Amino acid sequence: MQNATLWRALLRVEKTIVEDIEYDEDEQLLVAHVRLRARARARSRCGRCDRRSPAYDRGEGRRRWRALDLGTVRVAIEAAAPRVSCPVHGPTVVAVPWARHGAGHTLVFDEQVAWLATQCSKSAVTELMRIAWRTVGAIITRVWADVEALHDRFADLTRIGIDEISYKRGHRYLTVVVDHDSGRLVWAAPGRDKATLAVFFDALGEQRCAQITHVSADGADWISSVVTDRCPNAVRCADPFHVVRWATDALDEVRRQAWNEARGAVTQRRAGRSTGQAKALKGARYALWKNPENLTSRQQTKLAWIAKTDPRLHRAYLLKEGLRLVFQLPLEEAAEALDVWVGWARRCRIPAFIDLQRRIAKHRTSILAAIEHGLSNGRIESVNTKIRLLTRIAFGFNSPDALIALAMLTLGGHPPLLPGRA
Ligand SMILES: [Zn+2]
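Everything quoted here is computed from the prediction, not taken from an experiment.

Asker: Outline the overall build of the chain, listing residues and values.
Answerer: When you go through the chain residue by residue, the secondary structure sums to 18 helices and 12 strands. Radius of gyration (C-alpha) of the chain: 29 Å, far over the 22 Å computed for a compact globule of 422 residues. In terms of its C-alpha atoms, the chain occupies a principal-axis envelope of roughly 85 × 60 × 35 Å. For the chain, the residues scored as buried account for 45% of the 422 residues in total. Considering only residue pairs separated by 6 or more positions, the chain has 59% of its internal contacts joining residues 24 or more positions apart. About 22,300 Å² of surface is accessible on the chain, with carbon and sulfur atoms providing 50% of the total.

Next up, the structure:
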């Protein structure tokens, strides 16, 4: 095997001539000087649009691109980066076959970082690849842009779930769309309003909007008004896990009230020591949230204690459980049970649940539609949970685009491959 062929294979640089290899022992850095083959050079293309363009000038001279390490040695590719005169983009740095336009890393470097970002922890990626987390964000953003251009994410979409996810403190939200049938994340964008969601339906196009048969959402008015407008024939469903979360939130409100009252009582008596009731209520949070079948024996004891000492809070707990059970019934029984539940909540004398009952009554049709059409709630919830995990990992990226890229590459059904593998 000739040296030049070997180097091209190791560096994965096609259509080039490896002119020189220079090794700096102190820096542990290997620099490969390459140039485009005469034929490729003669047919120079614009770095942005790949259109063949006449030469313009020498640009800023030679440039370096970070390549994958060889063994323990860092590697850079160095080459001239002249500009061409693109009819559309004007003077632009020429396209090189080993890197994306404007990138400081080679294509295979980008691919490896994208694969790692979907598989490993933040520190594993940054330490192994010797790059900052923000650089990881920039890399996965450009990798996702290319993947997105290659695949039709919206093919065969019929049943979708729409949701909003908070990704940063201070009310920053993403609107996300999930495919109920494949469980894939289909689309995400920053914002949670009609205009944001309209962008999705614009991208989907009129014809494919007409193919949407079911849309599930959390009951937010801004979502339902856009859906009514764009997919008038789709069955609208409530995501059961959102409905159960409303009940959990209401229960939490009652628990907080009870806790504040218990604390207030203590303060009034000026007894600095005995905050037992308040403390126990604070600790009861998980016992109240969890499904009864998953309670530990300690949590069961806590629940029994609540039943005895705070009948109101216990009633709120039973209401939450009652609503959760509705979703486990067949449609006819569920419809009946839901109406019984609404009547029960209306008379329960707990403001949080009286409000909830109104909300449930308002969304009755879409709640029952979710049960009737058996929309796989677990799937949407699991995608949701995974995106929430990613938002924590993505903290430190400086734009939501990087978070979206990470979420799409991880959950969108087109995961990155390691370079050189099929
Ligand atoms: Zn161009």
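On we go from here.
Asker: Before we move on, can you summarise the sheet that holds strand β6 (residues 83-86) with the specific residues and values?
Answerer: If you walk across this open sheet you meet the three strands as β3-β6-β7, and the pairing is antiparallel. Each edge of the sheet is formed by a strand with only one pairing partner; in this case those strands are β3 (55-57) and β7 (90-93). In this sheet, neighbouring strand axes are inclined to one another by 45° on average, regardless of whether the strands run parallel or antiparallel. Here β6 runs beside β7; their pairing, made up of four bridges, is antiparallel. When the sheet's bridge partners are listed, R83 is paired in β7 with V93.

Asker: Give me the lowdown on the side chain of Q299, citing residues and values where you can.
Answerer: By the secondary structure assignment, Q299 is in helix α12 (residues 297-309). In terms of polar contacts, Q299 uses its side chain to reach the backbone amide nitrogen of T296, at 3.0 Å. Dropping the residues within four chain positions of it, Q299 is found in contact with Y286, A287, K290 and N294.

Asker: Give a description of the coordination of the zinc ion that names residues and reports values.
Answerer: Within the protein, C46 (SG), C49 (SG), C86 (SG) and H89 (ND1) serve as the donor atoms for the zinc ion, at 2.0 to 2.3 Å. One chain supplies every donor for the zinc ion, spaced along it as C-x2-C-x36-C-x2-H. Taken together, the residues C46 in the loop between α2 (38-42) and β3 and H89 in the loop between β6 and β7 connect sequence positions 43 residues apart. According to the relative accessible area criterion, H89 is partly exposed, its value standing at 27%.

Asker: I'd like a description of a positive patch on the surface, backed by residues and values.
Answerer: A cluster of like positive charges, contributed by K15, R39, R43 and R52, occupies part of the molecular surface. Mapped onto the fold, R39 is located in helix α2.

Asker: Kindly report on helix α5 (residues 133-150), identifying the contributing residues and their values.
Answerer: Taking 1.5 Å of rise per residue, the 18 residues of α5 would be expected to cover 26 Å, and the 26 Å separating its terminal C-alpha atoms lies within 8% of that figure. Regarding α5, the residues found buried are W133, V136, G137, I139, I140, R142, V143, W144 and V147.

Asker: Can you break down the sheet that holds strand β10 (residues 185-190) residue by residue, with the values?
Answerer: In a beta sheet, neighbouring strands are held together by backbone hydrogen bonds and run either parallel or antiparallel to one another. Ordered in space as β10-β9-β8-β11-β12, the five strands form an open sheet in which the pairing is mixed. With partners counted over all chains shown, the strands left at the sheet margins are β10 and β12 (235-238), one partner each. Neighbour to neighbour, the strand axes of the sheet diverge by 25° on average, direction disregarded. Judged from the three bridges that link them, strand β8 (residues 159-168) and strand β11 (residues 214-217) form a sheet pairing that is parallel. In the sheet register, R159 faces β11, and the bridge partner there is H214. Where helix α18 (residues 400-411) meets the sheet, it contacts β8, β9 (172-179) and β10, and its direction lies at approximately 175° from that of β10.

Asker: I'd like to hear about the pairing of β11, residue by residue, with values.
Answerer: Moving residue by residue along a regular strand, the side chains alternate between the two faces of the sheet. Side chains H214 and S216 project from β11 onto one buried face, and the interleaved V215 and A217 project onto a second face that is buried too. In the sheet, β11 pairs with β12 via four bridges, with the strands oriented parallel. Directly across from S216, in β12, lies its bridge partner C237. Each parallel crossover has a hand, and for β11 linked through helix α8 (residues 221-230) to β12 it is right-handed.

Asker: I'd love a proper account of the pattern of salt bridges, names of residues and values included.
Answerer: Applying the stated criterion across every chain yields a total of 24 salt bridges. A salt bridge links R324 to E293; its shortest N-O distance comes to 3.4 Å. Placement of R324 in helix α13 (residues 311-326) and of E293 in the loop between α11 (285-289) and α12 is noted, with a sequence separation of 31 residues between them. Judged by relative accessible area, which is 55%, E293 ranks as exposed. For D339, the salt bridge identified is with R364, shortest N-O distance 2.8 Å. Of this pair, D339 sits in helix α14 (residues 331-346) while R364 sits in helix α16 (residues 364-372), and the two are 25 residues apart along the sequence. According to the relative accessible area criterion, R364 is partly exposed, its value standing at 30%. When salt bridges with common partners are traced through the structure, they connect R100, D110, E111, R142 and D146 into a single cluster.

Calculation criteria
Residues numbered from 1 in each chain as written. Predicted model: local features only at pLDDT ≥ 70, side-chain atom pairs only at ≥ 80, totals over all residues. Heavy atoms only, no water. Helix = DSSP H or I, 4+ residues; strand = E, 2+ residues; numbered from the N terminus. Rg over C-alpha atoms; globule rule 2.2 N^0.38 Å. Buried < 20%, exposed > 50% of the residue type's maximum accessible area, 1.4 Å probe, protein only. Contact = heavy atoms within 4.5 Å. Areas by Shrake-Rupley, 256 points an atom, 1.4 Å probe, with all protein chains shown as cover. Pairing = 2+ DSSP bridges. Axes fitted to C-alpha atoms, helices over the stretch in contact; angles between N-to-C directions. Polar contact = N/O pair within 3.5 Å; in protein donor to acceptor, adjacent residues only side chain to side chain. Donors = N, O, S within 2.8 Å, 3.2 Å for Na, K, Ca; no water. Patch = residues over 30% accessible without salt bridge, like charges linked within 9 Å, V, L, I, M, F, W, Y side chains within 5 Å. Salt bridge = Lys/Arg side-chain N within 4 Å of Asp/Glu carboxyl O. Lys, Arg positive; Asp, Glu negative; His and termini not counted. Charge placed at Lys NZ, Arg CZ, Asp CG, Glu CD. Expected span 1.5 Å × (residues − 1). Right-handed = clockwise from strand over helix to strand, strands pointing away.

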